[in-house]
Amino acid sequence: MSLADLKYLADVKYLPETPAHDPEIEAINDEAFGPGRFVLAAYKIRQGGPHERALSFVAVDGAIVVASVRMTRIAAGAGRALMLGPLAVRPAFKNLGIGRRLVVIALEAAAKAGAPAVMLVGDEPYYGPLDFRRLPRGQISMPRPVDPDRLLAHEIVPGAVARLAGEVCHADQARIAAHIAAMA
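Residues numbered from 1 in each chain as written. Predicted model: local features only at pLDDT ≥ 70, side-chain atom pairs only at ≥ 80, totals over all residues. Heavy atoms only, no water.

(A) Structural view of the pairing of strand S5 (residues 117–121). Judged by how many residues are buried, S5 sits mostly within the fold: 4 of 5 residues are covered. Pairing of strand S4 (residues 79–89) with S5, which is carried by 2 bridges, proceeds in the parallel orientation. In the strand pairing of S5, methionine 83 is matched with methionine 119. Crossover S4 to S5 through helix H4 (residues 98–112) is right-handed. Bridge analysis of S5 against strand S8 (residues 151–155) gives 5 bridges, and the strand direction is antiparallel. From the neighbouring strand, leucine 120 faces S8, where its bridge partner is leucine 152. (Buried < 20%, exposed > 50% of the residue type's maximum accessible area, 1.4 Å probe, protein only. Helix = DSSP H or I, 4+ residues; strand = E, 2+ residues; numbered from the N terminus. Pairing = 2+ DSSP bridges. Right-handed = clockwise from strand over helix to strand, strands pointing away.)

So this is what it looks like as structure tokens:
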């Protein structure tokens, strides 16, 4: 890491996400993932309801958002968890540890909020050191095709990951389906 990189890190502040950050977060996600993100399984789940702003964070350099991570409540069978993502960092700020720091902050907030687990679709070499482990093949399914080796989970409450079973959906969609079933 260069001296310039250390200066960047000293200037970067980590803050809870607010509605004022939304336009910059959208720009960062567009820059990082492009229009192809709209067809991904994780995006389909996120369309089912809002993300948890209180558990989502940004990294800022001055007044500029340079990175973002969001959390969304999900359900899979009897299990409940948060889904981490998207995590995106502006190119000039990549490889400085900002993304990893955002993940750590989000995991700490999830634990403090009582979340049983956090899952994501991502690369094990990146998320493994942050205590994410590959989910057993076939334990969960996604609403669109996903490489099963990229389904990772971080367990906060012992046994919580094992309760995640079946198709993953936004927790709001699971509540609506349960309500409809109860009325039938």
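(B) Summary view of the side chain of serine 68. Residue position: serine 68 is located in strand S3 (residues 64–76). Exposure remark for serine 68: the relative accessible area of 1% places this residue in the buried category. In this structure serine 68 touches Ile25, Phe57, Val58, Pro86, Leu87, Ala88 and Leu102, once residues within four positions along its chain are discounted. (Contact = heavy atoms within 4.5 Å.)

(C) How the structure looks around the nonpolar core. Ranked by size, the top nonpolar core spans 29 residues in total, and within it Met71, Leu84, Val103, Val118, Tyr127 and Phe132 carry the most contacts. Broken down by element, this core gets its largest block of residues, 8 residues, from H4. Once residues lying within four places of it in the same chain are set aside, the contact partners of leucine 84 are Val69, Arg70, Met71, Val103, Ala106, Val118, Met119, Leu120 and Tyr127. The next biggest cluster of nonpolar side chains, apart from the first, holds 18 residues, and it includes Leu135, Leu151, Ala153 and Leu164. (Core = buried A, V, L, I, M, F, W, Y, C linked by side-chain atoms within 4.5 Å.)

(D) The pattern of salt bridges, seen in detail. Counted under the stated rule, the structure contains 12 salt bridges. Notably, a salt bridge pairs glutamate 124 with arginine 134, separated by 2.6 Å at the nearest N-O pair. Remark: arginine 134 occurs in strand S6 (residues 133–134) and glutamate 124 occurs in helix H5 (residues 124–127); sequence separation between them is 10 residues. When salt bridges that share partners are traced, they join Glu17, Asp22, Glu26, Arg53 and Arg70 into one network. (Salt bridge = Lys/Arg side-chain N within 4 Å of Asp/Glu carboxyl O.)

(E) Local environment of unusual backbone geometry. For the bond from glycine 85 to proline 86, the omega torsion is 0 degrees, close enough to zero to count as cis. Looking at the secondary structure, you find proline 86 in strand S4. Not every positive phi belongs to a glycine, and aspartate 131 is a case in point at roughly 75 degrees. Checked against the element boundaries, aspartate 131 lands in the loop between H5 and S6.

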